[in-house]
Amino acid sequence: MRAAFITGKETVEVRDTGTPEPAPGEVLLRVRACGICGTDLHYYEGVFPYSRKRSPGHEFAGEVAALGEGVTGFAPGDRVVVEPLRRCGQCVNCTSGRYHICEKNSFATDQSQGALAEYVTVPAYTLYHLPGEVDLELAALTEPLAVCVHGLHLADLRAGDRVLVLGSGTIGLMSTLAAFAAGAEVVTTYRHDHQGQAALIAGAWRVVRENETAGLEKEGFDVVVETIGGNAPTLQQALGIVRPGGRVCVLGVFSQPQQMNALGLVLKDVRMAGGITYCRPGPHSDFDVAIGILRTHGGRARSLITHKFPLEDAAQAFATAKDKSTKSLKVQVQP
């Protein structure tokens, strides 16, 4: 098969490699769509260490190609999306549905080929059947959308809440869509004009440029979702804006320690929670909810896919995802 590999800083090569065989309990998946996420770009830019021997990519959907020993409930040709988390399945976190913080948790592709490839093997328990309304291109958005669903669960989002989303990257836009789908009134900040336009399509009632947020603290936001991270001062900004007794959800990945007015946190009686990936907080997993949103708001979600490339053009796909002058939002590789 063919697969893409990061072989140096901002260098991607597509080459032949062996097609993996599914082990017992695993499924061989024919990848049809894989999104490039912020973590993949960190590998591409050399911020995170990368492996020359393993493809990146964990936002993906495809078709079952073969079943490993003991796998039931799936058949070759089934359309599926992957919740890419391996876990032990036995610890207290796994048995309570919080498998995303299992001590043995890892991305499903960390132990095998990543999904920027024609085929990948994953544990069968990571697969979700797709409803007819959700095609494979749309299904590849499930993973980042589930991150946002999880964050809004942590913020105890309720229909009718006023929500401010800080940032209009993929996670900011997906948070906007998830909050809109839950019945919230959403305001979203943006840096680039095309991001602001995308936020409105995703469901924002209003958008505000990042450097024009003065006065937002007077608007009584019940929930503030931070999605920028890096070294931005957005934790303190979120605390300053959220109403007394409100909630702050932190989804941005920060590269440096951040200072925050802890006394303000106490005096405003604010709850602040950090969220990572997704889990099963109740009878429905975050992936279940995300698939439901894609089923009912597919048009809004699909608008976030701005660029699609074949696998052979993976290098161009990464360059496009990095360069915001291309007006890229979600870039997909479709092997």
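Higher on the page you've got the structure.
Computed from a predicted model, the values in this text were never measured in an experiment. (Residues numbered from 1 in each chain as written. Predicted model: local features only at pLDDT ≥ 70, side-chain atom pairs only at ≥ 80, totals over all residues. Heavy atoms only, no water.)

Looking now at the nonpolar core. Counting residues in hydrophobic clusters, the biggest one holds 48 residues, and the most contacted among them are Val81, Leu145 and Val163. Membership of the second largest hydrophobic core comes to 31 residues, among which are Val27, Val64, Val71 and Val333. (Core = buried A, V, L, I, M, F, W, Y, C linked by side-chain atoms within 4.5 Å. Buried < 20%, exposed > 50% of the residue type's maximum accessible area, 1.4 Å probe, protein only.)

Let's shift gears to the sheet that holds strand S15 (residues 271-274). What the 6 strands build is an open sheet, ordered S12-S11-S10-S13-S14-S15; its pairing is parallel. Edge positions in the open sheet fall to strand S12 (206-209) and S15, since each of these has one partner strand only. Going across the sheet, the axis of each strand differs from the next one's by a mean of 20 degrees, ignoring polarity. As paired strands, strand S11 (residues 185-190) and S12 are joined by 4 bridges and run parallel to one another. Pairing of Thr188 across the sheet is with Val207, part of S12. Across the sheet, helix H6 (residues 193-202) touches S11 and S12, and the angle it forms with S12 is around 160 degrees. Of the strands in this sheet, strand S10 (162-166), strand S13 (221-226), strand S14 (242-250) and S15 are in contact with helix H7 (residues 234-241), which crosses S14 at around 150 degrees. (Pairing = 2+ DSSP bridges. Helix = DSSP H or I, 4+ residues; strand = E, 2+ residues; numbered from the N terminus. Axes fitted to C-alpha atoms, helices over the stretch in contact; angles between N-to-C directions. Contact = heavy atoms within 4.5 Å.)

In this section: helix H4 (residues 142-154). In this model, H4 (13 residues) spans 18 Å end to end at C-alpha, consistent with the 18 Å of a helix rising 1.5 Å per residue. Counting buried positions along H4 yields 11 of 13 residues, so the element is predominantly enclosed. Those residues of H4 lying buried are Thr142, Glu143, Pro144, Leu145, Ala146, Val147, Cys148, Val149, His150, Gly151 and Leu152. Once H4 finishes, Asp156 follows within two positions and takes phi at roughly 55 degrees, a positive value. (Expected span 1.5 Å × (residues − 1).)

Geometric descriptors of this kind do not, in isolation, establish any biological role.
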